[in-house]
Amino acid sequence: MSEVLISPSILSADFAELGVEIQRIDTAGADMIHIDVMDGHFVPNLTFGPPIIEKLRPHSKKPFDVHLMITPVDPYIDAYAKAGANILTFHPEAGPHVHRTLQAIQAAGMKPGLALNPGTPAEVIDPVLDDIDLILVMSVNPGFGGQSFIDSQLRKIEVLRKKIDTSGRDIVLEVDGGVNRETAAKVISAGVTAIVAGSAVFRGGPDQYAANIAALRSGASE
Ligand code: DX5
Ligand code: ZN
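Residues numbered from 1 in each chain as written. Chains lettered and ligands numbered in written order. Predicted model: local features only at pLDDT ≥ 70, side-chain atom pairs only at ≥ 80, totals over all residues. Heavy atoms only, no water.

### Section: the nonpolar core
Here is step 1: Residues Ile10, Val66, Leu68, Leu88, Ile135 and Ile195 are the most contacted members of the largest nonpolar core, which totals 61 residues.
Here is step 2: A total of four residues in this core trace back to one element, the largest contributor, which is helix α5 (residues 153–167).
Here is step 3: If near-sequence neighbours (up to four positions away) are discounted, Ile135 is found in contact with Leu114, Leu116, Ile125, Leu129, Leu160, Ile164, Ile171, Val172, Leu173 and Glu174.
Here is step 4: In this structure, Met32, Ile87, Ala115 and Leu134 belong to the second largest nonpolar core, which totals nine residues. (Core = buried A, V, L, I, M, F, W, Y, C linked by side-chain atoms within 4.5 Å. Buried < 20%, exposed > 50% of the residue type's maximum accessible area, 1.4 Å probe, protein only. Helix = DSSP H or I, 4+ residues; strand = E, 2+ residues; numbered from the N terminus. Contact = heavy atoms within 4.5 Å.)

Below, the structure is given as C-alpha cells:
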C-alpha cells in the first residue's frame, strides 16, 4: 500500500504569516494544504474565504484541500475555483441537493469531496459514490482545532474503506480531527489514505514541522 498523504490544516498556523507558514509545511513534506473555511453559522467559528485563499495560492504548488463548513455552498463554488481550490469538500447537512452540489463542483473544475460529521452515518455516501473523489471522516465535531479524537469513527473508516474497495473507484479516504502520532497509527490501520492534522503538525514551531509530518506518516507512536 502506498504511503498515507498528509494534509496539514492551516487552522493551527500563525494567521499573521499564513503565506510563509504554507511555504514551510510545503517544504516540510506536506502532500496537500488543508484549508478550513468556517462561516460562524454552520459551525460556531469563523475563519477565511476565497480572497485569502487566492492570496495564498502562489505560496505552494501542492493541492489546496478546501474543507467548507458553510451553508449554503452552491453560491460560492465558482469563487473557490477561481481562488485556486483543487479539492472542494462540503457537508451533506449544508443543503438539500447534495448531488447537484457535487456536479457543480466538478463542472467548476475541482474534485468534489463529502465530509461526514461524527454523527453522520457512512451510508450517506452510497448514492453518490460514483460522483465523489474524496470522503472526509470527521473524527471531531467540526469548528475547532485541538479537540480529542472520537474513537467510534474508526469503525466508520473501516466501513467506508470496504465501500470504496468494492466500488473500485480511486477515492481518497481522509480523516480530520484529533489526529496525532498515536491516533495516526489507528486511522492508518483502519484504512485511510490521507490524514488532516493541525495541532500535531504545527506544535513545537517551524523547526518541528518536518519531523511532525514524518511521524504522522509513519504512524509512529509517541
Ligand atoms: C476542525 C477542522 C480540522 C482541524 C483539525 O473543524 O476541520 O481540520 O483544523 O485540527 P486538529 O488536528 O488540531 O484536531
Ligand atoms: Zn478540516
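### Description of α5
Each full turn of the α-helix corresponds to 3.6 residues, which orients residues three or four apart in the same direction.
Here is step 1: Here α5 is 15 residues long and its end C-alpha atoms lie 21 Å apart, about the 21 Å a rise of 1.5 Å per residue gives.
Here is step 2: Regarding α5, the residues found buried are Gln153, Leu154, Lys156, Ile157, Leu160, Arg161, Lys163 and Ile164.
Here is step 3: In this fold, the buried residues of α5 make contact with β5 (111–116), β6 (134–138), β7 (172–176) and α6 (181–190).
Here is step 4: Among the residues trailing α5, Gly168 stands out with phi positive, at a value near 75 degrees. (Expected span 1.5 Å × (residues − 1).)

### So, the layout of surface pockets
Here is step 1: Space inside the largest pocket adds up to approximately 340 Å³.
Here is step 2: In terms of lining residues, the largest pocket is bounded by 28 residues, among which Gly145, Gly146, Gly177, Gly178 and Gly198 are the most central.
Here is step 3: For the lining of the largest pocket, the secondary structure elements donating two or more residues are β2 (33–38), β3 (64–69), β8 (194–197) and α7 (199–202).
Here is step 4: For the lining of the largest pocket, the per-class residue count stands at eleven nonpolar, 13 polar and four charged.
Here is step 5: Considered as a void within the structure, the second largest pocket measures approximately 200 Å³ in volume.
Here is step 6: Around the second largest pocket, the lining residues are Leu5, Met32, Pro63, Asn86, Ile87, Lys111, Asp133, Leu134, Asp170 and Val172.
Here is step 7: For the lining of the second largest pocket, the residue count by class is six nonpolar, one polar and three charged. (1 Å grid on protein atoms, 1.4 Å probe; cavity = no way out; pocket = protein on both sides within 12 Å on 5 of 7 lines; lining within 4 Å. Points joined across faces, edges and corners; volume = space filled by probe spheres on them. Nonpolar A, V, L, I, M, F, W, Y, C, P; charged D, E, K, R; others polar.)

### Description of the sheet that holds strand β4 (residues 87–90)
Here is step 1: In spatial order, the strands read β1-β8-β7-β6-β5-β4-β3-β2; together these eight strands make up an open sheet with parallel pairing. Looking at which strands have only one partner, the edges of the open sheet turn out to be β1 (5–8) and β2. Neighbouring strand axes in the sheet, compared pairwise and without regard to direction, differ in orientation by 25 degrees on average.
Here is step 2: The sheet strands contacting helix α4 (residues 98–107) are β4 and β5, and the helix crosses β5 at an angle near 145 degrees.
Here is step 3: This element, helix α8 (residues 209–218), spans β1 and β8 of the sheet and lies at about 135 degrees to β1. (Pairing = 2+ DSSP bridges. Axes fitted to C-alpha atoms, helices over the stretch in contact; angles between N-to-C directions.)

### With respect to the site of ligand 1
Here is step 1: Taken together, 20 residues surround ligand 1, and among them Gly143, Asp176, Gly178, Gly198 and Ser199 come closest.
Here is step 2: Residue Gly146 places a main-chain N or O atom 2.8 Å away from an oxygen atom belonging to ligand 1.
Here is step 3: With respect to ligand 1, the side chain of Ser199 contributes an N or O atom lying 2.3 Å from an oxygen atom.
Here is step 4: Contact with the protein chains covers 99% of the free accessible surface of ligand 1, which is 380 Å².
Here is step 5: Put simply, the parts of the chain that give the shell around ligand 1 at least two residues each are β2, β3 and β8.
Here is step 6: No other element matches β2, which puts three residues into the shell around ligand 1.
Here is step 7: In the shell around ligand 1, the residues fall into eight nonpolar, ten polar and two charged. (Near = heavy atom within 4 Å. Polar contact = N/O pair within 3.5 Å; in protein donor to acceptor, adjacent residues only side chain to side chain. Areas by Shrake-Rupley, 256 points an atom, 1.4 Å probe, with all protein chains shown as cover.)

### Notes on the coordination of the zinc ion (ligand 2)
Here is step 1: The zinc ion (ligand 2) binds to the protein through His34 (NE2), Asp36 (OD), His67 (ND1) and Asp176 (OD), with metal-donor distances spanning 2.0 to 2.3 Å.
Here is step 2: Its six donor atoms give the zinc ion (ligand 2) angles of 69 to 169 degrees at the centre, a pattern that matches the octahedral case.
Here is step 3: Expressed as a motif, the donor residue spacing for the zinc ion (ligand 2) is H-x1-D-x30-H-x108-D. Of the two residues, Asp36 sits in strand β2 while Asp176 sits in strand β7, which places them 140 residues apart along the sequence. There is no split in this pair, since Asp36 and Asp176 are both buried. (Donors = N, O, S within 2.8 Å, 3.2 Å for Na, K, Ca; no water. Tetrahedral: all angles 85-135°; square planar, octahedral: opposite > 155°, others 65-115°.)

### Examining the environment of Tyr80
Here is step 1: For Tyr80, the location among the structural elements is in helix α3 (residues 77–83).
Here is step 2: Through-space distance from the C-alpha of Tyr80 to that of Leu68 is 9.9 Å; in sequence the pair is twelve residues apart.
Here is step 3: When near neighbours in sequence (up to four residues on either side) are disregarded, Tyr80 contacts Val37, Gly49, Pro50, Ile53, Val66, Leu68, Ala85, Leu88 and Met110.

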